[in-house]
Amino acid sequence: MANKTAYVSKPMDVLKNSLEKNIMVDVKGNRTYSGTLEGYDIYMNVVLSNVSETINGENKGVFEKMLVRGDNIIFVSPSRSD
Amino acid sequence: MANKTAYVSKPMDVLKNSLEKNIMVDVKGNRTYSGTLEGYDIYMNVVLSNVSETINGENKGVFEKMLVRGDNIIFVSPSRSD
Amino acid sequence: MANKTAYVSKPMDVLKNSLEKNIMVDVKGNRTYSGTLEGYDIYMNVVLSNVSETINGENKGVFEKMLVRGDNIIFVSPSRSD
Amino acid sequence: MANKTAYVSKPMDVLKNSLEKNIMVDVKGNRTYSGTLEGYDIYMNVVLSNVSETINGENKGVFEKMLVRGDNIIFVSPSRSD
Amino acid sequence: MANKTAYVSKPMDVLKNSLEKNIMVDVKGNRTYSGTLEGYDIYMNVVLSNVSETINGENKGVFEKMLVRGDNIIFVSPSRSD
Amino acid sequence: MANKTAYVSKPMDVLKNSLEKNIMVDVKGNRTYSGTLEGYDIYMNVVLSNVSETINGENKGVFEKMLVRGDNIIFVSPSRSD
Amino acid sequence: MANKTAYVSKPMDVLKNSLEKNIMVDVKGNRTYSGTLEGYDIYMNVVLSNVSETINGENKGVFEKMLVRGDNIIFVSPSRSD
């Protein structure tokens, strides 16, 4: 199993590999925030730019920049070109 | 990827770069607090001045100064001039 | 940006500067507690005297003294004379 | 402001000064527990004796002794003779 | 006030003094678990034997032994013979 | 009271004594998971095999193996032969 | 009981043994995420690829890659070939 480690992606690497790329952040309360990942920290706080917000599947706000608190995140998914 | 680091914004820098500028703080329970960022700490507690509150999208209170506890914050977004 | 620091209010300073003055404490569950701030600690636990309680905007109890647990606080706002 | 410190009540002093006196403990879920404070710890866990419980404002149980977990406490208020 | 300390019951002593005796454990979600206290730890996890469960005031299960996680406990009350 | 200690069951011993035996794990959201306890850790995360799930009292899934996160556990009860 | 230890599966081993295999992750809010486990960390944050999402039992999104935050996980179950 030793060489298996080579295949493992560490969770935070998903964020590292998505820098400057588009991601979707799914947040408690049926909200999503999609935008370009500009940064993150070990608490999974993320900085997004050019953000589209959906609440219950409907488009709501558009934001130039946003800091999303990691606490409320359910999942983060990189967009297809990853 | 080493030089990529130069582009990364650390989440707390969003707050640092917004000092004395207008931000919107989105808080659990469908509340927003918009005002001038006067200060913050590592727990994401923020101090705002000249604050407008909305609950479920309706204008509610206006406050000269306010300390918002970081725990309940979903996101922070700087206003356009950032 | 170095001299900017001079303008920053630390969140806990909002409490320090409100000692012996009136504040409003907004708490989860649509509750507010307004009274004179007598003390606080680093967990944002606060001691109030001459407290008026509102629940869903209606006046409820009046309390001579009260210790409000910091955990449940959404925001603290000093009254106008600050 | 230095001598101001003399007037500050630390939150835990509200509990210390209420030992052997009556207090009301307001707990999440619209519950209150009123009784004589027999002890407490730094987590705000409290021991009460001769306790009356209300749920949604209605009298429910009566308990000889009770340990209330600090986690769920919204506020603690000493009764008038304090 | 120095000799007052003699009268203080530490919260965890309520558990210590209830070992091998009957207690009622009130848990979030309108549940109670009544049984003989067999053990506990500093997280307020408790071990009960001969346990009766009520949900919303109705008798539900009966359990020979049970470990109740401290996290969800609202209060613990020793039965009368304490 | 010194020799009383001999009778105390530490909460985690309930898990230790249930290894390779059947237990019921009651989880927030009116769910239960019953199966053979294969392992656990200090966070009360448990590994079960041959698991039956109930939600609101109705049988739902059956799972060969399952890791249940300790955070959401309300209680754990060993089956009768303990 | 000493040799019993040999049979114990540590909870995190369920994840380790499922690397590159299919798992189902059950998350608060009646959601499941099924996909290939690509990695995890000590907080139970998991990386999945080729993910199918269900909400209240209905198929919703499909995602190439996803980082699911450990906080919200109720259980993880390896698929049959484990």
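See the structure above.
Residues numbered from 1 in each chain as written. Chains lettered and ligands numbered in written order. Predicted model: local features only at pLDDT ≥ 70, side-chain atom pairs only at ≥ 80, totals over all residues. Heavy atoms only, no water.

Participant: Just to check I follow, could you spell out the relation of the copies chain G and chain A for this structure?
Facilitator: Applying a rotation about an axis and a shift along it to one chain copy brings it onto the other copy. For the pair chain G and chain A, the best superposition has an RMSD of 0.0 Å and corresponds to a rotation of 51° with a translation of 0.0 Å parallel to the axis. Mapped onto chain A, only 4% of the interface residues of chain G again fall at the interface, so the copies present different surfaces. (Least-squares fit on C-alpha atoms with pLDDT ≥ 70 in both. Contact = heavy atoms within 4.5 Å.)

Participant: What am I meant to see in the layout of surface pockets here?
Facilitator: A probe as big as a water molecule, rolled over the atoms, marks out the empty space that is left. Taken as a whole, the largest pocket encloses approximately 1,100 Å³ of empty space. Its boundaries defined by the atoms lining it, the second largest pocket holds a volume of some 880 Å³. The wall of the second largest pocket is formed by 28 residues, among which A:K28, D:K28, E:K28, F:K28 and G:K28 lie closest to the centre. Here the lining of the second largest pocket is composed, by residue class, of two nonpolar, 10 polar and 16 charged. (1 Å grid on protein atoms, 1.4 Å probe; cavity = no way out; pocket = protein on both sides within 12 Å on 5 of 7 lines; lining within 4 Å. Points joined across faces, edges and corners; volume = space filled by probe spheres on them. Nonpolar A, V, L, I, M, F, W, Y, C, P; charged D, E, K, R; others polar.)

Participant: Explanation requested: the packing of aromatic side chains in the structure shown.
Facilitator: The geometry of two aromatic rings is summed up by the distance between their centres and the angle between their planes. Counted under the stated rule, the structure contains 14 aromatic pairs over all chains. Pairing A:F75 with G:F63 gives two aromatic rings, centres 5.2 Å apart and planes at 70°, and the pair type is edge-to-face. Within this pair, whereas A:F75 is found in strand β5 (residues 73-78), its partner G:F63 is found in strand β4 (residues 58-68), the two belonging to separate chains. Both residues of the pair, A:F75 and G:F63, belong to the buried class. Taken together, the ring pairs in this structure connect A:Y33, A:F63 and B:F75 into an aromatic cluster. (Phe/Tyr/Trp six-rings, centres within 6.5 Å; stacked < 30°, edge-to-face > 60°. Helix = DSSP H or I, 4+ residues; strand = E, 2+ residues; numbered from the N terminus. Buried < 20%, exposed > 50% of the residue type's maximum accessible area, 1.4 Å probe, protein only.)

Participant: For this particular structure, what's the right way to read the interface of chain G and chain A?
Facilitator: In many analyses, interface size is given as the accessible surface area lost on bringing the parts together. Contact residues are listed per partner, giving 25 residues for chain G and 25 residues for chain A. For the pair chain G and chain A, the two sides together bury roughly 2,100 Å², of which 55% comes from carbon and sulfur. Taken together, the connections running from chain G to chain A amount to one salt bridge. In this structure, G:R31 engages A:D26 in a salt bridge whose closest nitrogen and oxygen atoms are separated by 3.0 Å. (Buried area = accessible area lost by both parts, 1.4 Å probe. Salt bridge = Lys/Arg side-chain N within 4 Å of Asp/Glu carboxyl O.)

Participant: How do you make sense of unusual backbone geometry when you look at a structure like this?
Facilitator: A negative phi angle is the norm for most residues apart from glycine, just as the trans form is the norm for most peptide bonds. All names here are of chain A. Look at M44: it is not a glycine, yet its phi comes out positive at around 70°. Despite not being glycine, N50 shows a phi value in the positive range, around 50°. One can find N50 in strand β3 (residues 46-55).

Participant: Teacher, can you tell me more about the pattern of salt bridges here?
Facilitator: A side chain of one charge can pair with a side chain of the opposite charge when the charged atoms of the two come close. Counted under the stated rule, the structure contains 21 salt bridges over all chains. Among the ionic pairs, D:R31 bridges to D:E53, the shortest N-O distance being 3.9 Å. One end of the pair, D:R31, is in strand β2 (residues 31-40); the other, D:E53, is in strand β3 (residues 46-55), with 22 residues separating them in the sequence. Taking the relative accessible area as the measure of exposure, D:E53 reaches 7% and is therefore buried. Here the residues in one salt-bridge network are A:D26, G:R31 and G:E53, joined through shared partners.

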